[in-house]
Amino acid sequence: MDWSFQLYSARNFQPWNRILKLLAECGYRQVEGYGGVYSDPAGFRAEMDRNGLSMPSGHFSIDALENDFDGVRRIADALGVRMLICPYLMPDARPSDAAGWRSFGDRLAQVGARAGRDGYGFAWHNHDFEFRALPDGTVPQEHILSGAPEIGWEIDVAWVVRGGVDPLPWIERHGARIVAVHVKDIAKPGEGLDEDGWSDVGHGTIDWRGIMKTLRASTTARYYVMEQDNPNDIDRFARRSIEAANGF
């Protein structure tokens with residue numbers, strides 16, 4: 001498997017040329033982009049090329065996708081991105097009821113239609129808030145998926161768990177929608193206190209071996225993206241995570 005790496009994980013460990021060299025040496029073959037690496041797409045692409053890395057997927061804000069799709073397209077084309085992923089909705093922009101989330105799903109559907117016309121894939125990336133119950137007992141992720149039935153889902157398994165939900169039924173029920181996976185782990189009790197409670201992949205509390213079995217059986221996900229939101233040692237995280245993941 002060609003493991004990918006979400007570059008947001010390394011945002012505090014510059015310069016990027018060192019990070020890309022590290023990732024290549026660890027055995028990663030792909031990276032996933034985010035806004036912090038889009039200022040010089042041609043230059044970043046050249047550095048990836050030097051290290052034998054590609055960027056098939058990238059995160060782009062809802063604002064950029066809705067209001068500057070041509071700009072998104074220029075960045076994506078320069079970097080080789082074919083799967084555009086909307087990663088987040090700021091707290092003050094989040095709807096408070098089912099109707100609001102269905103409306104947001106419709107917005108994503110419109111972006112997805114535009115992306116599809118231009119030859120890109122498009123997906124939504126979850127955090128934990130999509131699994132917090134609304135007043136009627138439903139959860140936002142249900143309405144996002146139903147409101148945008150043609151778009152994909154980049155499932156962040158650890159955020160699903162932090163949302164208080166078992167990810168396995170969601171993977172089994174919506175496997176056809178899952179196009180990418182964030183491979184992330186939650187620290188054991190008393191560990192990861194200076195890493196926001198996250199862990200190196202395979203060294204935490206998530207049963208990644210079992211989850212990978214379900215993902216392979218229920219989805220056709222093409223991108224498996226290693227991530228840690230706040231590592232204190234990027235070299236250790238990158239190396240230990242891919243070593244563990246190669247055994248899943």
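Refer to the structure printed above.
Just so it is clear, the structure is predicted and the values come from calculations on it, not from any experiment.

Draft legend 1. Just the layout of surface pockets, in detail. Looking at the largest pocket, its volume works out to about 270 Å³. Considering the residues around the largest pocket, the lining is formed by 15 residues, among which Tyr8, His59, Pro87, His127 and Glu227 are closest to the centre. Among the residues making up the lining of the largest pocket, the classes are represented as six nonpolar, six polar and three charged.

Draft legend 2. Here's a closer look at the pairing of strand β4 (residues 83-86). Judged by which residues are buried, β4 turns out to be covered on both faces: Met83 and Ile85 on one side and Leu84 and Cys86 on the other are all buried. Examined bridge by bridge, strand β3 (residues 54-59) and β4 share three bridges and lie parallel to one another. Bridge pairing in β4 places Gly58 opposite Leu84. The sheet contact formed by β4 and strand β5 (residues 121-125) spans four bridges and is parallel. When the bridges of β5 are listed, Ile85 appears paired with Ala123. For the crossover that starts at β4, traverses helix α5 (residues 98-117) and ends in the parallel β5, the hand is right-handed.

About the cut-offs
- Residues numbered from 1 in each chain as written.
- Predicted model: local features only at pLDDT ≥ 70, side-chain atom pairs only at ≥ 80, totals over all residues.
- Heavy atoms only, no water.
- 1 Å grid on protein atoms, 1.4 Å probe; cavity = no way out; pocket = protein on both sides within 12 Å on 5 of 7 lines; lining within 4 Å.
- Points joined across faces, edges and corners; volume = space filled by probe spheres on them.
- Nonpolar A, V, L, I, M, F, W, Y, C, P; charged D, E, K, R; others polar.
- Buried < 20%, exposed > 50% of the residue type's maximum accessible area, 1.4 Å probe, protein only.
- Helix = DSSP H or I, 4+ residues; strand = E, 2+ residues; numbered from the N terminus.
- Pairing = 2+ DSSP bridges.
- Right-handed = clockwise from strand over helix to strand, strands pointing away.

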